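Fold and geometry: a report
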Amino acid sequence: MAKSFYVTTPIYYATGDPHIGHAYTTVVADFLARYHRLDGYETFSLTGTDEHGEKILESAKSDGVTPQVYVDGLSDRFHQAWRALEISNDDFIRTTQERHKAVVVAVLQKVYDKGDIYFGEYGGLYCVGCERYLTDKELVGGKCPDHDRKPEERVEKNYFFKMESYRDWLRGYIQDHPDFIRPQGYRNEVLSLLSESLGDLSISRPRERVPWGIPLPWDQEHVTYVWFDALLNYISALDYPTGDRFDEFWPVAHHLIGKDILKPHAIFWPTMLRSAGVPLYQHLSVGGFLMGADGRKMSKSLGNVVDPLDLAAKYGPDAVRYYLLKVVPYGQDGKVGEADLVRRYNADLANDLGNLVARVRALLLRHLDGVVPQPNQQESDGDLIEAGAGLAAQVGGLIDELRFYAALEEVMQFVRSLNRYFNDEEPWVLARDPDKRERLGTVLYNVVEGLRIASILLEPAMPGKAGEIRASLGLAPADFAAAATWGLTPSGTRIADDAPILFPKVEPPRPESPGPDTATLEEKPTPNSPAGGRGSGSDSGKGRGKRVSKAGGDKPEADSESPINLDDFARVDLRVAEVVAAEAVPKTDKLLKLTLRVGVGGGVEEERTVVSGIAEQYRPDDLIGRLVVLVANLKPVKLRGILSQGMILAADDGEGNLSLVGVDREQPVGSQVR
Ligand code: MSP
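Computed from a predicted model, the values in this text were never measured in an experiment.

**Topic: the overall build of the protein**
What the protein contains, in helices and strands, is 22 helices and 27 strands. Principal-axis analysis of the C-alpha atoms places the extent of the protein at approximately 95 × 65 × 40 Å. When contacts within the protein are restricted to residue pairs at least 6 apart in sequence, those whose partners lie at least 24 apart make up 73%. Of the roughly 29,300 Å² of accessible surface on the protein, 50% is carried by carbon and sulfur atoms.

Right, dumping it as structure tokens:
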């Protein structure tokens, strides 16, 4: 029988732009959806926007537009944001859609007919931010702690749902189903709430005060309370009660939420479902809260807001997704900041992963015509093979336990062990000895094979980059089962001739900078900014386009009228490199294709191809073994069909006399020049 998986995010209030907290829950949901798809599950993933209620009405009024116009605009912004972060949701539900309203009306009528709804008067403290009455216990200093706002005293005639009558049943259900609410801490919190009287739930608002909502089917003068309306999105999107989607996916529903909306999901929702005669969802998984880098709640006035779309435009969607999944173990609170993202990006993605892909590619292209050969494994390869073959099972187990951080760390540990294997086996040394050709082939095969497995396991977190890794190594698209066996890379696989640098290293943001800012990025282009290509903001794309054409044609002139400061200079990564191969570029007079041994980041060695216009001054053979100075973080460009990954420095008198810049004593490859 086909396996099915259904995952949901909260539907977000259409009252403001998508922020990092929304992105967090949505990325986690997408990670789970992609993982299950890859593992052969029929998967349905849902997100959307919550568009009724007082909060929306207030915001629309203050913007001077009708609520419908207001929510149309904001809903679209969420839709766009999820495209930019490569979210692969199967549906996007809006509570103002007819398909949703019809389900709300049908369920209300069912609960009403059952006798679970009555009319009464209620007084209490109402927080419009939470859209619910708060108990005294929930207040901190008389205010709602989540919205820093004093709740309003209200007495109103509402319809009520007999929630209290389901309390004992719900407590029993949660006790009998230990993985209904996870992690455990949140389950305990709910059990403690259920140990005291809940009261009944007010489920309507007078229409004359809140005209923006779904009228009750039996009394048009009252509209549905926004939580009763919103929670039903999880089944209206499945075409409850008649759809095939509902039959297939509802029994396996997995809701992901932030801890701020635990009570509506863990108490209101199951009791509503019970009353309506609908079976309960399978899991409720609760994530912690993300704070600013300073550990405080993000707010514009504190200047600690981290915007997921700015980050995606700057560092690419995959880097943001990876960061969010690794920033904190799921369920715990954590701090987020751009500098932290850059640190993890450079360490894990640029150094450990991207560099290894570039190094193995360079050696395959140079010594084995870009073809992955048949391996002949030695006993000493056994540990690596064992680790690679067992990785998928380990990672799958951790994901099932919601330990996304640990799952990704496990993959990165494996990538680190591949780097150690590569460094210990020294394939660049093996390449110099014709008798060691077979061993060279085996070592390179094993690294490609390890990267194949890692790329599949990284796919749910970084779908774009994982695909790029496989494309650059000539490998087939991902499928989770294929990650569980070592040796599935067919010998004879031809790797791609060209591949862009996967994760160019980036400079940490300047401390004085107020945060990610696309305008700043355009005005002061960073030559090594990895943003670009997939899913990046179109604005910043304009700036990058200009730079690429300059690099491929006329270089901008240095201008002593506008001096640069040390920070500007420090952005240029100058390195000592050794020329290990050189040849003329066919059909040109001036160009040489050089292969350089470079040391970038923590002394990890790498080879690069650089096309240089020095053929009139230097013969290829005279260059071998020479130490030159490489601009290592220049954006790669294609020259005469060859991808040039940097530039070497030469003095130029303006009349065509060039001499290479070097170092005047023995200096290790990779030394920084500053
Ligand atoms: N509309 C309701 C949900 C209805 S679901 C039937 C709502 N919307 S919301 O726009 O306020 O988004 C709430 C969700 O966004 C939180 O539950 C959480 O998933 C996420 N987050 C919002 N801010 C957050 C952080 N700072 N950190 C982590 N997630 C947070 O409530």
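**Details of the pattern of salt bridges**
Using the criterion set out here, one finds 39 salt bridges in the structure. Across the pair Arg171 and Asp168 runs a salt bridge whose closest N-O atoms are separated by 3.4 Å. Taken together, the residues span about one helical turn, with Arg171 and Asp168 both in helix H5 (residues 167–176) at a distance of three residues. Given the relative accessible area of 53%, Asp168 is considered exposed.

**Digging into the packing of helix H2 (residues 54–63) against helix H3 (residues 67–84)**
Here H2 crosses H3 at 100°, and the two axes come no closer than 9 Å. The orientation of H2 relative to H3 falls into the category roughly perpendicular. Within the contact between the two elements, H2 uses Ile56, Leu57, Ser59, Ala60 and Asp63 and H3 uses Pro67, Tyr70 and Val71. Taken together, the residues of the contact of H2 with H3 sort by class into six nonpolar, one polar and one charged.

**Focus: the site of the ligand**
Residues in contact with the ligand amount to 22 residues; listed here are only the nearest, Ile11, Thr25, Asp50, Asp260 and Leu290. Within the backbone of Gly21, a nitrogen or oxygen atom sits 3.4 Å from a nitrogen atom of the ligand. Taken by itself the ligand offers 660 Å² of open surface, and the protein chains cover 92% of this. Within the residue set of the shell around the ligand, elements represented by two or more residues are strand S2 (12–13), helix H1 (20–38), helix H7 (226–231), helix H8 (233–236) and strand S13 (253–258). Of the residues contributing to the shell around the ligand, the split by class is 12 nonpolar, eight polar and two charged.

**Observations regarding the sheet that holds strand S10 (residues 204–206)**
What the three strands build is an open sheet, ordered S10-S12-S11; its pairing is antiparallel. Both outer strands of the open sheet, S10 and strand S11 (215–216), are each paired with one neighbouring strand and no more.

**Side note on the environment of Ser45**
Tracing the backbone through its elements, the reader meets Ser45 in strand S3 (residues 42–50). What makes Ser45 buried here is its relative accessible area of 5%. Residues within four places of Ser45 in sequence aside, it is in contact with Val7, Ala33, Arg37, Ser88, Asn89, Asp90 and Asp91.

**A word on a negative patch on the surface**
Taken together, the side chains of Glu42, Asp239, Asp244, Asp247 and Glu248 define an acidic patch exposed on the protein surface. Tracing the sequence through the fold places Asp247 in helix H9 (residues 244–249).

**Brief notes about the packing of aromatic side chains**
Summed over all chains, the structure comprises 29 aromatic pairs. A centroid spacing of 5.0 Å and a plane angle of 75° characterise the contact between Tyr126 and Tyr133, whose relative ring orientation is edge-to-face. Given the relative accessible area of 1%, Tyr126 is considered buried. Members of the aromatic cluster, each reached through a chain of ring pairs, are Phe161, Tyr166, Trp169, Tyr173, Phe180, Phe228 and Tyr281. Here the guanidinium or amino end of Lys326 rests over the ring plane of Tyr405, the centre of that ring lying 5.6 Å away. Of note, Lys465 hangs over the ring of Phe503, and the distance from its end group to the ring centre comes to 5.4 Å.

**Some details on helix H17 (residues 437–458)**
The first and last C-alpha atoms of H17 sit 31 Å apart over 22 residues, in line with the 32 Å expected at 1.5 Å per residue. For H17, the buried fraction is high: 20 of the 22 residues fall into the buried class.

**What to know about helix H11 (residues 308–315)**
Counting buried residues along H11, six of its eight residues qualify, which places the element largely inside the surrounding structure. Considered for burial, the residues of H11 that qualify are Pro308, Leu311, Ala312, Ala313, Lys314 and Tyr315. Measuring from the backbone nitrogen of Leu309 back to the side-chain oxygen at the start of H11 gives 2.7 Å, which picks out Asp307 as the cap. A positive phi of about 90° marks Gly316, the residue just after H11.

**A closer look at the pairing of strand S22 (residues 627–631)**
Along S22, five of the five residues are buried, which leaves the element largely enclosed by surrounding structure. The two faces of S22 match: Leu627, Val629 and Val631 on one face and Val628 and Leu630 on the other face are all buried. Relative to S22, strand S19 (residues 574–584) runs antiparallel, the two sharing five bridges. Considered in S22, the bridge of Arg575 is made with Leu630. Judged from the two bridges that link them, S22 and strand S25 (residues 647–648) form a sheet pairing that is antiparallel. Its bridge partner lying in S25, Val631 is registered against Met647.

**Let's talk about the sheet that holds strand S9 (residues 201–202)**
What the four strands build is an open sheet, ordered S6-S5-S7-S9; its pairing is antiparallel. One side of each edge strand has no neighbouring strand; the edge strands of this open sheet are strand S6 (132–134) and S9.

**Here we look at a nonpolar patch on the surface**
Taken together, the side chains of Ile564, Leu566 and Phe569 present a nonpolar region at the surface, about 340 Å² in accessible area. Following the sequence through the fold, Leu566 ends up in helix H21 (residues 566–570). Judged by relative accessible area, which is 70%, Leu566 ranks as exposed.

**Details of the confidence of the model for the protein**
Looking at the protein as a whole, its pLDDT mean stands at 88, while 91% of the residues score no less than 70. Residue range residues 512–557 is modelled with pLDDT below 50. Its contacts to residues more than four positions away, or to other chains, number 63 contacts.

**Things to note about the packing of H17 against helix H18 (residues 463–472)**
Axis separation between H17 and H18 bottoms out at 8 Å; the angle between their running directions is 155°. It follows that H17 is roughly antiparallel to H18 by the angle criterion. The two elements H17 and H18 meet at a crossing, and its hand is left-handed. The residues of H18 that touch H17, namely those facing Leu451, Ser455, Ile456 and Leu458, are Ala466, Ile469 and Arg470. Broken down by class, the residue content of the contact of H17 with H18 amounts to five nonpolar, one polar and one charged.

Cut-offs used in this document
Residues numbered from 1 in each chain as written. Predicted model: local features only at pLDDT ≥ 70, side-chain atom pairs only at ≥ 80, totals over all residues. Heavy atoms only, no water. Helix = DSSP H or I, 4+ residues; strand = E, 2+ residues; numbered from the N terminus. Contact = heavy atoms within 4.5 Å. Areas by Shrake-Rupley, 256 points an atom, 1.4 Å probe, with all protein chains shown as cover. Salt bridge = Lys/Arg side-chain N within 4 Å of Asp/Glu carboxyl O. Buried < 20%, exposed > 50% of the residue type's maximum accessible area, 1.4 Å probe, protein only. Axes fitted to C-alpha atoms, helices over the stretch in contact; angles between N-to-C directions. Parallel < 35°, antiparallel > 145°, perpendicular 65-115°, else oblique. Nonpolar A, V, L, I, M, F, W, Y, C, P; charged D, E, K, R; others polar. Near = heavy atom within 4 Å. Polar contact = N/O pair within 3.5 Å; in protein donor to acceptor, adjacent residues only side chain to side chain. Pairing = 2+ DSSP bridges. Patch = residues over 30% accessible without salt bridge, like charges linked within 9 Å, V, L, I, M, F, W, Y side chains within 5 Å. Lys, Arg positive; Asp, Glu negative; His and termini not counted. Charge placed at Lys NZ, Arg CZ, Asp CG, Glu CD. Phe/Tyr/Trp six-rings, centres within 6.5 Å; stacked < 30°, edge-to-face > 60°. Lys NZ or Arg CZ within 6 Å of the ring centre and 35° of its normal. Expected span 1.5 Å × (residues − 1). pLDDT = per-residue confidence, 0-100. Left-handed = near helix turned anticlockwise from the far one by under 90°.

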